[in-house]
Amino acid sequence: MVKVAILGYGTVGSGVFEVLNTNSASIAKRVGEEVQVKYVLDLREFPGDPVEPVLVHDYEVIVNDPEVDIVVETMGGVNPAYPFSKRALEAGKSVCTSNKELVARHGTELMKIAKEKSINYMFEASCGGGIPIIRPINSSLTADEIDEITGILNGTTNYILSKMSSDGSDFADVLKEAQEKGYAEKNPEADVEGYDPCRKIAILSSLAYEQFVDYQDIYTEGITKITATDIKYAKEMGAAVKLLATSRKTEQGIYAMVSPVMIASTHPLYSVNDVFNAIFVHGNMLGDAMFYGSGAGKLPTASAVAGDVVDIAKNLHHTVMMGWKEEKLELLPISQVTSRFFVRVQGVVADVLPAVEAAFGKVETISLPGVEGEFAFVTETMTEEAYKAAAEKVDGIISMIRARF
């Protein structure tokens, strides 16, 4: 019998407990023996809940019990998730987690300890919730050279942008509605400022390029400055605004960034709406592939965590090779990254266009019916550095969104 301890009985932890118990018979068939939850750690009491018989409040009970083979960390954050995970690994217990912040910060160290102990540290649910993406990159695509990963990796921001597009609402109003529906946290900063997808693309990039990508090196821009007028321009152009997390190999090097991007209707991520997530992968042999599904939620995420439990249970004393080199990958400076740029500017086209084209070269102009005193234009492909230099030469720029047309 394989015995499991779950750290945290919140949304994901309770989901893992439910999955392991509800699907215990099918899981036992896949593993070859029964998988049983022996402990669930939480500071709270849950009178009358099915978890009550296995609930403990002291981590020492778990880490010092030789019967515990697998520790499932679903607490979130870094403390005490990091010291608890590290101690479990050092005690010879495999660990799996849904905690992207922990993996992005300490995954390199924790995987190294697991390898030294001939056990496993797994994190399938850390990047796509219920979407399987870690395992495909780590096993199915190992013969490919991945040269791009682009994803909608945050359901909250995708819901907000989708709702702004369908209703014509302002950001603040949709955010409030998302909080009321439970799609956004009371403090939504990690989502709306792009910190959550930043950590996820760092993990995916580290796996894809087999070298540690530090999330702190990734240029990150959220959606708080996107307005209803921006969305109207996008719709007028047959496009959509999405918060994309991207890493890409270029001839100059590998870059990674998180930012709102205006994408054409032909882009594979254009139709990904509401709270759904999707991850687009391009390989030199595979070509294009896309992974789509629920990026968050109790049972989708718990299902991915339980999948790691099954994988670990089948490889209790054998490390399933995954991870990346410890040395940090030096990313291409954001100034050298190329894109097209959608720009709104004050004034009348006939008056302002000469100055715009003197700075940016040939551009496409867009006027929005009912909106006076401004127009927009889309540049040709240029570097971030070149855009910044050109923008300084034009008065009255209202806003800019990167574009993929």
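Everything that follows concerns the structure shown earlier in this document.
On to the state of the cysteines. Disulfide: a covalent bond connecting the sulfur atoms of a pair of cysteines. Scanning the model with the defined rule gives 0 disulfides in all. Counting only cysteine sulfurs, Cys198 is the nearest neighbor of Cys127, a cysteine outside any disulfide, at a range of 11 Å. Since its relative accessible area comes to 0%, Cys127 is described here as buried.

Once that is clear, we can look at the packing of helix H1 (residues 11-22) against helix H13 (residues 298-313). In contact at an axis separation of 8 Å, H1 and H13 are set at 60° when each is read in the N-to-C sense. On the basis of their axis angle, the class for H1 and H13 is oblique. For the pair H1 and H13, the sense of crossing is right-handed. Listed contacts from H13 to Thr11, Val12, Ser14, Gly15, Val16, Glu18, Val19 and Leu20 of H1 are Lys298, Leu299, Thr301, Ala302, Ser303, Val305, Ala306 and Val309.

Another point: the packing of helix H4 (residues 81-90) against helix H5 (residues 100-116). Where H4 contacts H5, the axes come no closer than 10 Å and their chain directions differ by 10°. The angle between the axes of H4 and H5 places the two elements in the roughly parallel class. Contacts from Ala81, Tyr82, Ser85, Lys86, Leu89 and Glu90 in H4 reach Leu102, His106, Glu109, Leu110, Ile113 and Ala114 in H5. Here the contact of H4 with H5 is composed, by residue class, of 7 nonpolar, 2 polar and 3 charged.

With that settled, consider helix H11 (residues 195-209). Residues three or four positions apart in an α-helix share a direction because the helix packs 3.6 residues into each turn. The terminal C-alpha atoms of H11, which comprises 15 residues, lie 21 Å apart, in line with the 21 Å expected from a rise of 1.5 Å per residue. Following H11 by one or two positions, Glu210 adopts a phi angle in the positive range, close to 55°.

What follows deals with unusual backbone geometry. Glycine aside, residues mostly have negative phi, and peptide bonds are mostly found in the trans state. Put simply, Asn79 and Pro80 share a cis peptide bond, and its omega is 5°. Position of Pro80 among the secondary structure elements: in the loop between strand E4 (68-73) and H4. Positioned with a positive phi, Glu210 is a non-glycine residue whose angle comes to about 55°. By the secondary structure assignment, Glu210 is in the loop between H11 and strand E8 (211-212). On the basis of relative accessibility, which here comes to 51%, the residue Glu210 falls in the exposed class. Of note, the phi angle at Asp274 is positive, near 60°, even though the residue is not glycine. With a relative accessible area of 33%, Asp274 lands in the partly exposed category.

A few words on the side chain of Lys200. If you trace the backbone, Lys200 turns up in helix H11. The class of Lys200 is buried, set by a relative accessible area of 6%. Looking at Lys200, its side chain comes within polar contact range of the main-chain oxygen of Leu153, at 2.8 Å. Separated by 2.9 Å, the side chains of Lys200 and Asp196 make a polar contact. Leave out the neighbours within four places in its chain, and Lys200 touches Lys100, Ser126, Cys127 and Leu153.

Rules of the game
Residues numbered from 1 in each chain as written. Predicted model: local features only at pLDDT ≥ 70, side-chain atom pairs only at ≥ 80, totals over all residues. Heavy atoms only, no water. Disulfide = S-S within 2.5 Å. Buried < 20%, exposed > 50% of the residue type's maximum accessible area, 1.4 Å probe, protein only. Axes fitted to C-alpha atoms, helices over the stretch in contact; angles between N-to-C directions. Helix = DSSP H or I, 4+ residues; strand = E, 2+ residues; numbered from the N terminus. Parallel < 35°, antiparallel > 145°, perpendicular 65-115°, else oblique. Left-handed = near helix turned anticlockwise from the far one by under 90°. Contact = heavy atoms within 4.5 Å. Nonpolar A, V, L, I, M, F, W, Y, C, P; charged D, E, K, R; others polar. Expected span 1.5 Å × (residues − 1). Polar contact = N/O pair within 3.5 Å; in protein donor to acceptor, adjacent residues only side chain to side chain.

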